[in-house]
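Take a look at the letters that make up each chain.
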There are 6 protein chains.
Amino acid sequence: MRIAIFRKAHFNAAHRLHNPKWSDEKNKEIFGLCNNANYHGHNYELEVKVVGEVDPETGYLMDLKYLKDIIKINVEDKLDHKNLNLDVPELKDIMPSTENVCYFIWNVLQQKIGKDYDVTVRLYETPRNYVEYPA
Amino acid sequence: MRIAIFRKAHFNAAHRLHNPKWSDEKNKEIFGLCNNANYHGHNYELEVKVVGEVDPETGYLMDLKYLKDIIKINVEDKLDHKNLNLDVPELKDIMPSTENVCYFIWNVLQQKIGKDYDVTVRLYETPRNYVEYPA
Amino acid sequence: MRIAIFRKAHFNAAHRLHNPKWSDEKNKEIFGLCNNANYHGHNYELEVKVVGEVDPETGYLMDLKYLKDIIKINVEDKLDHKNLNLDVPELKDIMPSTENVCYFIWNVLQQKIGKDYDVTVRLYETPRNYVEYPA
Amino acid sequence: MRIAIFRKAHFNAAHRLHNPKWSDEKNKEIFGLCNNANYHGHNYELEVKVVGEVDPETGYLMDLKYLKDIIKINVEDKLDHKNLNLDVPELKDIMPSTENVCYFIWNVLQQKIGKDYDVTVRLYETPRNYVEYPA
Amino acid sequence: MRIAIFRKAHFNAAHRLHNPKWSDEKNKEIFGLCNNANYHGHNYELEVKVVGEVDPETGYLMDLKYLKDIIKINVEDKLDHKNLNLDVPELKDIMPSTENVCYFIWNVLQQKIGKDYDVTVRLYETPRNYVEYPA
Amino acid sequence: MRIAIFRKAHFNAAHRLHNPKWSDEKNKEIFGLCNNANYHGHNYELEVKVVGEVDPETGYLMDLKYLKDIIKINVEDKLDHKNLNLDVPELKDIMPSTENVCYFIWNVLQQKIGKDYDVTVRLYETPRNYVEYPA
């Protein structure tokens with residue numbers, strides 16, 4: 001029996017959008033307020049979907065405590081109360097758009113959770129703007 | 001990198017459900033309170049999903065301000081604070097059920113956003129009743 | 001033991017804001033899109049607060065089923081799927097602003113629930129705009 | 001025109017997770033607080049998705065009142081204010097994990113709604129933990 | 001500067017409403033489905049409001065981590081994944097209505113937080129039914 | 001007729017909590033992750049309550065567009081996509097705790113809206129932590 005389970009988590013972080021190959025004018029034109037040199041921030045909401053088979057002994061696809069811990073160690077501890085441009089080595093040379101942060105989180109979680117499961121990550125930057133990978 | 005972005009919007013509108021080919025009795029039987037000749041209304045919530053490739057220069061699938069403006073001009077300005085039976089020429093001969101209004105919105109947005117992107121529209125008539133196209 | 005209980009309900013209705021003593025121009029200037037002659041509408045969310053003493057036999061301030069029924073008969077059955085300007089005799093000569101509809105609902109409920117209890121009504125026209133009486 | 005409609009419902013129930021083939025120690029180790037012999041409970045939120053064709057006469061995929069009644073009779077009346085381990089004959093020998101309860105609900109609803117429609121059920125045990133079948 | 005801070009928490013529990021001084025018939029008549037001898041349950045949401053003075057050194061009324069811990073130790077650890085009729089000594093002879101559970105939580109928290117602060121507790125049994133003490 | 005109206009708004013900002021009179025160790029001990037020198041951030045949600053008399057000509061306590069504009073000019077334009085420690089002159093020497101930011105917003109809005117109305121501001125730093133002034 002193939003089923004999907006979902007777990008929500010969240011983290012608060014600062015970031016700015018800035019392409020170092022562009023002039024300040026072009027950065028301001030393209031990214032607007034998101035280019036503020038002093039950063040701004042968000043309460044990111046994360047929805048992790050895991051698809052796989054149910055274990056008949058437990059009735060679980062996966063122990064939710066285990067999933068919660070994987071998300072905590074690999075995502076929340078890395079990103080919560082951090083500056084996404086400065087504090088996260090893996091994101092150093094990556095534009096911290098919601099698209100790219102979502103893909104980064106998916107990549108970490110799919111590796112940790114393993115190939116028996118298909119992971120999808122939805123990342124809310126605000127309640128009105130969000131991103132999902134894979135599409 | 002193929003990804004999905006989502007943007008929410010909303011509009012408030014009046015409507016009634018009435019099939020002019022039917023008797024008043026049949027309309028009342030089928031549509032119940034939704035058939036009220038004086039109209040009733042909703043706060044429609046709209047979720048627009050766009051699937052496509054991320055631009056490596058910006059980290060964006062699409063500038064959300066651009067998407068927000070397309071939704072505003074083509075959906076909100078057309079439907080907000082309107083009567084869906086009387087005020088929207090494109091809906092004149094169409095039953096303004098959530099299904100048909102959702103399809104109308106999808107059709108407009110898919111054309112405006114263009115063939116490089118796949119658009120999905122979810123339309124909430126109430127927090128408990130909603131519709132999605134394509135399925 | 002004096003305590004407060006809350007019960008939520010909702011109704012969907014059409015309305016327009018229009019002062020018949022004013023010119024069409026002034027109505028349009030003051031009420032904008034809300035003046036649309038063909039009406040628009042909302043999903044109204046209602047929060048009813050009742051303050052009183054807890055009955056030691058039941059542990060209830062009031063049977064919630066009783067409160068739910070009072071709200072259904074006196075508010076939902078009167079306003080749901082209605083046009084607030086045309087279909088509700090008690091609102092005929094009253095501007096159906098959220099303020100006035102909230103006061104109308106409070107007045108009905110305070111009378112029906114009776115003087116042993118203090119009623120407060122909060123009425124959401126949209127999730128971002130709402131009104132409470134008494135203040 | 002193939003489209004999806006969604007309807008939300010809810011029920012409140014008690015349950016415990018316990019595998020009778022295991023020792024009490026193993027049950028406590030695997031299920032933790034969820035193994036409490038005296039039960040605990042949840043406000044389950046249910047999202048039912050139905051995919052099919054729109055009827056051009058009504059603009060409906062399906063009369064939502066009909067869908068609401070199917071959910072009420074087959075799910076809410078069976079599970080609401082019940083103990084999922086003791087009060088539901090169909091669940092007697094099944095671990096009442098969210099995964100298994102979701103599958104049970106899907107199975108009932110897909111049969112009642114019939115083969116012309118594709119049903120998907122999402123079941124929220126809490127706002128942060130939920131399950132969807134089919135995946 | 002007198003201000004209010006709020007902190008949300010939650011717990012999942014089973015309960016039933018039953019007055020041992022009444023006949024089974026009267027219990028069923030008054031409490032309906034809530035009288036089920038095998039219990040049912042809820043995801044209780046808790047909102048704790050604390051009013052007091054802001055400390056000019058920290059800008060805090062109270063360290064939220066301290067408040068979170070007081071709620072965890074005194075409310076969540078006592079009530080989460082429990083049966084409110086059987087597992088909580090302080091509630092043994094008390095009808096576990098939302099009103100009485102709310103008052104119990106307020107009483108514990110007001111004592112622990114101390115007389116320099118005024119505590120108010122709002123307890124949601126469901127998103128539509130909730131209680132607040134003091135009123 | 002004295003009534004309350006509410007309007008919601010939001011802004012995204014970065015901040016850090018740091019008392020310059022303390023050592024780095026004490027700052028870390030008291031503020032924990034909130035002391036991160038590179039900042040973190042939030043989606044702040046703002047609820048503005050205004051109490052006053054209803055104008056019988058309009059049925060309004062106050063034109064919501066006017067209230068929305070006052071909030072936009074005086075709060076959103078000042079704080080949105082900003083660093084609360086560096087970009088807001090009025091907050092330069094103030095610890096940007098939710099308590100202090102809430103009081104700052106209240107002070108600006110009460111002055112702009114004027115003495116005929118009583119303003120209350122509720123500021124959500126996250127959906128689980130929020131503050132209200134006056135209490």
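Refer to the structure printed above.
Now for a quick tour of the structure. (Residues numbered from 1 in each chain as written. Chains lettered and ligands numbered in written order. Predicted model: local features only at pLDDT ≥ 70, side-chain atom pairs only at ≥ 80, totals over all residues. Heavy atoms only, no water.)

## Digging into the interface of chain F and chain A
Here comes step 1: Every contact between the two is made by 21 residues of chain F and, on the other side, 21 residues of chain A.
Here comes step 2: Between chain F and chain A, a total of about 1700 Å² is buried, with carbon and sulfur atoms accounting for 52% of that surface.
Here comes step 3: Of all residues in chain F, Asn-38, Asn-43 and His-81 of chain F give up the largest surface area on contact with chain A, accounting jointly for 35% of the area buried on that side.
Here comes step 4: Counting every contact that joins chain F to chain A gives zero salt bridges.
Here comes step 5: Run the count over chain F and chain A and you get 15 residue pairs in polar contact (both at pLDDT 80 or more).
Here comes step 6: The set of elements that each furnish at least two residues to the side of chain F that touches chain A consists of β1 (2–15), β2 (40–53), β3 (82–83) and β4 (118–126) of chain F.
Here comes step 7: The element best represented in the side of chain F that touches chain A is β2 of chain F, accounting for four residues.
Here comes step 8: Residue composition of the side of chain F that touches chain A, by class: seven nonpolar, ten polar and four charged. (Contact = heavy atoms within 4.5 Å. Buried area = accessible area lost by both parts, 1.4 Å probe. Salt bridge = Lys/Arg side-chain N within 4 Å of Asp/Glu carboxyl O. Polar contact = N/O pair within 3.5 Å; in protein donor to acceptor, adjacent residues only side chain to side chain. Helix = DSSP H or I, 4+ residues; strand = E, 2+ residues; numbered from the N terminus. Nonpolar A, V, L, I, M, F, W, Y, C, P; charged D, E, K, R; others polar.)

## What about the interface of chain D and chain A?
Here comes step 1: Tallying the contact residues gives 20 residues for chain D and 22 residues for chain A.
Here comes step 2: Here chain D and chain A share an interface that buries about 1800 Å² over both sides, 52% of which is from carbon and sulfur atoms.
Here comes step 3: Applying the counting criterion to the chain D and chain A interface returns two salt bridges.
Here comes step 4: With a closest N to O distance of 3.5 Å, Arg-128 of chain D and Glu-45 of chain A form a salt bridge.
Here comes step 5: On inspection of chain D and its partner chain A, the count reaches twelve residue pairs in polar contact (both at pLDDT 80 or more).
Here comes step 6: Elements with a contribution of two residues or more to the side of chain D that touches chain A: α1 (24–31), α3 (98–113) and β5 (129–133) of chain D.
Here comes step 7: With five residues, β5 of chain D is the largest single contributor of residues to the side of chain D that touches chain A.
Here comes step 8: Partitioning the side of chain D that touches chain A into residue classes produces eleven nonpolar, four polar and five charged.
Here comes step 9: When strand β1 (residues 2–15) of chain A meets β5 of chain D, the two strands line up antiparallel, connected through four bridges. Residue pairing for β5 of chain D: Phe-6 of chain A is matched across the bridge by Tyr-130 of chain D. (Pairing = 2+ DSSP bridges.)

## Focus on the pairing of strand β1 (residues 2–15) of chain E
Residues and elements named next belong to chain E.
Here comes step 1: Burial of β1 is extensive: eleven of the 14 residues sit out of reach of the surface.
Here comes step 2: Pairing between β1 and strand β2 (residues 40–53): 14 bridges, direction antiparallel. Within β2, the position partnered with Ala-13 by the bridge is His-42.
Here comes step 3: Taken together, the two bridges between β1 and strand β3 (residues 82–83) define a ladder with parallel strand orientation. Looking at the pairing, Ala-13 lines up with Lys-82 of β3. (Buried < 20%, exposed > 50% of the residue type's maximum accessible area, 1.4 Å probe, protein only.)

## A short note on the relation of the copies chain D and chain A
Here comes step 1: At an RMSD of 0.0 Å, chain D and chain A line up after a rotation of 120 degrees and a shift of 0.0 Å along the axis. Between the two chains, the operation in question is that of a three-fold axis. (Least-squares fit on C-alpha atoms with pLDDT ≥ 70 in both.)

## Quick look at the arrangement of the chains
Here comes step 1: Between chain A and chain C there is no contact, and the shortest C-alpha to C-alpha distance separating them is 13 Å.
Here comes step 2: The two units chain C and chain D never meet; even their closest C-alpha atoms stay 15 Å apart.

## Concerning the side chain of His-81 of chain A
Here comes step 1: One can find His-81 of chain A in the loop between α2 (64–79) and β3 (82–83).
Here comes step 2: At 3.1 Å, the side chain of His-81 of chain A and the side chain of Asp-80 of chain A are in polar contact.
Here comes step 3: Residues contacting His-81 of chain A, with those up to four places away along its chain left out, are Asn-12 of chain A together with Leu-33, Cys-34, Asn-36, Tyr-39 and His-40 of chain F.

## Topic: the pattern of salt bridges
Residue and element names in this part refer to chain A.
Here comes step 1: Enumeration over the complete set of coordinates arrives at 48 salt bridges over all chains.
Here comes step 2: The salt bridge involving Asp-69 is made with Lys-65; its shortest N-O contact spans 2.9 Å. Here the residue Asp-69 and the residue Lys-65 both occupy positions in helix α2, the gap between them amounting to four residues, near one helical turn.
Here comes step 3: Through salt bridges with shared partners, a single network forms among Glu-47, Arg-122 and Glu-132.

## With respect to the nonpolar core
Here comes step 1: The biggest cluster of nonpolar side chains holds 102 residues, and the ones touching the most others in it are Ile-105 of chain A, Ile-105 of chain B together with Ile-105 of chain D.
Here comes step 2: Leaving out residues up to four positions away in the same chain, Ile-105 of chain B has contacts with Phe-11, Leu-46, Val-75, Leu-79, Val-121 and Leu-123 of chain B.
Here comes step 3: Formed by 99 residues, the second largest nonpolar core is a distinct cluster that contains Ile-70 of chain C, Val-48 of chain E together with Phe-11 and Val-108 of chain F. (Core = buried A, V, L, I, M, F, W, Y, C linked by side-chain atoms within 4.5 Å.)

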